[in-house]
Amino acid sequence: MDATTSGTPTVQYHNIPDQPITAIVAAPVSAFLRQVRHCFGDSTPGEFPLAANPSIVLHVLTTCNLDPQDLAKLEATCSFFRQPANFAPDYELSISELAALDMCQRRAIFKPMTDEERQSLKHRCGGSWKLVLRFLLAGEACCRREKSQAIAGPGHSIAVTSSGAVYSFGSNSSGQLGHGNTEEDWRPQQIRSLQGIRIIQAAAGAGRTMLISDAGRVYAFGKDSFGEAEYGVQGTKLVTTPQPVESLKDIFVVQAAIGNFFTAVLSREGRVYTFSWGKDSKLGHKTEPNDVEPQPLLGALENIPVVQIAAGYCYLLCLACQPSGMSVYSVGCGLGGKLGHGSRTDEKYPRLIEQFQLLNLQPMVVAAGAWHAAVVGRDGRVCTWGWGRYGCLGHGNEDCESVPKVVEALSDVKAVHVATGDYTTFVVSDDGDVYSFGCGESASLGHNTAGEGQGNRHANVLSPELVMSLKQVNERVVQISLTNSIYWNAHTFALTESGKLYAFGAGDKGQLGIELANNQTERGNPERVDIDLN
């Protein structure tokens, strides 16, 4: 006999309002012998029968306002409903807020935060643990935080394994390899002085390197300056082994970005700080070009959390996370329209790029080339803007674009990652295919269709083309990194899902991590670097 014939009304499990626990469980709370939820270890306070009402589970999965992939993660962590949580019950929180807080507890940068710091982050993100979770997940996704990564710097390279070990190779005239000397080396060597320190992020600039540990400490080596007025200018001394940046010891840093005139760092709370290039308020504060003290980036982003920063030659992009969605702000030099505001004027303070709202595009990943920029949207669309020389914008011409413009040639591709360099751009699709366009100098685009040493591998490419040489690797590519400097010949890294690293392009300083023949200065075909990043 079913519910209809028995006269029992059918139970509905939808349109359930987001209500606090106190509305579900009356105080005092009764203890249940079976199917109980312990919010505080094995203590009796906070017990309530989730399994007795399946609609609560549906309610959590439909009210978190997360992306589909994040909902999958949330569903996969339904241990929240089966195991003790790591925090005391809060009867003012809804079930969905409790679930989001439980997932926040599992994030690496959230775990060491004090209760006061967590509440401050919650307030900064919009007053919701669901928004804090979105902020944390967005930062992990666009920066490969806690994952292996490779950085193709100007003349030298850095590789970080998933366990936090660091390898470096290439040019070393300023000690930027961190091995205690100034001798260049094509062989990837682990930086031994970092043993016991887990590195989660790296940044490489002209003659300098910065590394960030899982404890939020920043280590720098090479030139002891954070900016330079022109190529070749160095600090007062060279640092040949990683040294902690003392001026950042009170800031928990999660990312660094190195431009030509300045360096920027991002704190775990989403605040941006910059070194140097502040004279005449070029970055919103009046400091000398060689200033070694971090200055908070003032203006619109003072109270908006940032999840990713990207530095070009003379400008900075910031991917921000707001309750209304993701957005991009730009600051610095506007030549070529690379700030994305429809003009070529400089901006002393971060300014919102409004074009994404007109395109109905939610930015998820941002990349800053030397003179042009790119963004990947949540729907997989790719936008580019700035100097269009050599076709680096992918629009089939060399025109400049002063506002973000969708790359129509990629309309059938769902992109998940983008990388930009000096007039070059790479796009990675969700199925691991790689497309490139722009300047073909140094064979760094990977289009070596005629074979090694022949053909058109140096040709410029005005529209996106599938990189067949990476297709032949028969592995899913998850990250591309390429040289972002106007002074060095470019090289490119492709990192696969299994942790294999492939390199191609200029290798005259050993920056490919591959031994070249005496008459070789570059490689046109991707070649495996002898490092297992997993």
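Residues numbered from 1 in each chain as written. Predicted model: local features only at pLDDT ≥ 70, side-chain atom pairs only at ≥ 80, totals over all residues. Heavy atoms only, no water.

Chemist: Could you clarify how one ought to interpret empty space enclosed by the protein in this entry?
Modeler: It is a probe the size of a water molecule, rolled over the atoms, that shows where empty space is left. The final tally for this structure, using the stated rule, is two cavities of 30 Å³ or more. Estimated volume of the largest cavity: approximately 860 Å³. Lining the largest cavity we find 46 residues, and of these I151, A311, A368, S481 and N484 sit closest to its centre. Elements with a minimum of two residues in the lining of the largest cavity: α7 (129-143), β1 (149-152), β5 (199-205), β9 (253-258), β13 (306-311), β17 (363-368), β21 (415-420) and β25 (477-482). No other element matches the five residues that β5 contributes to the lining of the largest cavity. (1 Å grid on protein atoms, 1.4 Å probe; cavity = no way out; pocket = protein on both sides within 12 Å on 5 of 7 lines; lining within 4 Å. Points joined across faces, edges and corners; volume = space filled by probe spheres on them. Helix = DSSP H or I, 4+ residues; strand = E, 2+ residues; numbered from the N terminus.)

Chemist: I would appreciate a short explanation of the confidence of the model for the protein in the present structure.
Modeler: As a note on interpretation, predicted positions should not be read in detail where pLDDT is low. Summing up the model confidence of the protein, the mean pLDDT is 84 and the portion of residues at 70 or higher is 78%. Long-range and interchain partners of residues 19-64, a stretch whose pLDDT sits below 50, account for 82 contacts in this model, where long-range means more than four residues apart. Confidence drops under a pLDDT of 50 for residues 451-455, and excluding neighbours within four residues, the segment shows eight contacts in the predicted structure. (pLDDT = per-residue confidence, 0-100. Contact = heavy atoms within 4.5 Å.)

Chemist: Is there a simple way to explain the nonpolar core in this structure?
Modeler: Nonpolar side chains in soluble globular proteins tend to be buried together. Membership of the largest hydrophobic core comes to 98 residues, with the highest contact counts inside it found for F110, I309, L316 and I480. It is α7 that contributes the most residues to this core, ten residues altogether. Here this core spans two domains, and each of domain 1 (52-141) and domain 2 (143-227 + 236-528) adds at least three residues to it. Contacts of I480, omitting those with residues within four sequence positions, involve H417, A419, F426, V428, V434, L470, T492, F493 and A494. One finds V218, A220, I258 and F275 within the second-largest nonpolar core, a separate group that totals 15 residues. (Core = buried A, V, L, I, M, F, W, Y, C linked by side-chain atoms within 4.5 Å. Buried < 20%, exposed > 50% of the residue type's maximum accessible area, 1.4 Å probe, protein only. Domains from an automatic or database assignment.)

Chemist: How should the pattern of salt bridges be read in this particular structure?
Modeler: Pairing between side chains of opposite charge can happen when their charged atoms approach one another. Here the structure, examined in full by the defined rule, presents 13 salt bridges. Note that R268 is salt-bridged to E269, the shortest N-O span being 3.1 Å. Like E269, R268 is buried. Residue E497 is joined to R476 by a salt bridge in which the shortest nitrogen-to-oxygen separation is 3.9 Å. Here the residue E497 occupies a position in the loop between β26 (491-496) and β27 (500-506), and R476 occupies one in the loop between α9 (468-471) and β25, the gap between them amounting to 21 residues. (Salt bridge = Lys/Arg side-chain N within 4 Å of Asp/Glu carboxyl O.)

Chemist: Is there a simple way to explain the state of the cysteines in this structure?
Modeler: Two cysteines joined by a covalent bond between their sulfur atoms form a disulfide. What the rule picks out here adds up to zero disulfides. The thiol of C143 is unpaired, and the distance to the nearest cysteine sulfur, on C142, comes to 3.7 Å. (Disulfide = S-S within 2.5 Å.)

Chemist: Explain the UniProt feature "repeat: RCC" (unreviewed entry) in the protein to me, please; I cannot follow it from the model alone.
Modeler: Those residues carrying the UniProt feature "repeat: RCC" (unreviewed entry) are residues 164-215, 216-269, 270-322, 326-379, 380-431, 432-498 and 499-534 in this numbering. Helix makes up 0% of residues 499-534 and strand 50%. Its end C-alpha atoms lie 5 Å apart. (UniProt positions renumbered as here; feature names shortened; annotations may be inferred.)

Chemist: Whenever I open this one, α7 confuses me. Can you help?
Modeler: Because an α-helix packs 3.6 residues into every turn, residues spaced three or four apart end up facing the same way. In this model α7 runs 21 Å from its N-terminal to its C-terminal C-alpha over 15 residues, within 8% of the 21 Å that 1.5 Å per residue would give. With 14 of 15 residues buried, α7 lies mostly within the body of the structure. Its side-chain oxygen at 3.1 Å from the backbone nitrogen of K130, S128 defines the N-terminal cap of α7. Phi turns positive one or two residues past the end of α7, at R144, with a value near 55 degrees. (Expected span 1.5 Å × (residues − 1). Polar contact = N/O pair within 3.5 Å; in protein donor to acceptor, adjacent residues only side chain to side chain.)

Chemist: How should the sheet that holds strand β10 (residues 263-267) be read in this particular structure?
Modeler: Paired through backbone hydrogen bonds, the strands of a sheet run either parallel or antiparallel to each other. With antiparallel pairing, the four strands of this open sheet are ordered in space as β9-β10-β11-β12. The two strands at the open ends of the sheet, each matched to only one other strand, are β9 and β12 (295-296). Both β9 and β10 contribute to a ladder of five bridges, which runs antiparallel. Each residue of the ladder has a partner; that of A257, found in β10, is A264. (Pairing = 2+ DSSP bridges.)

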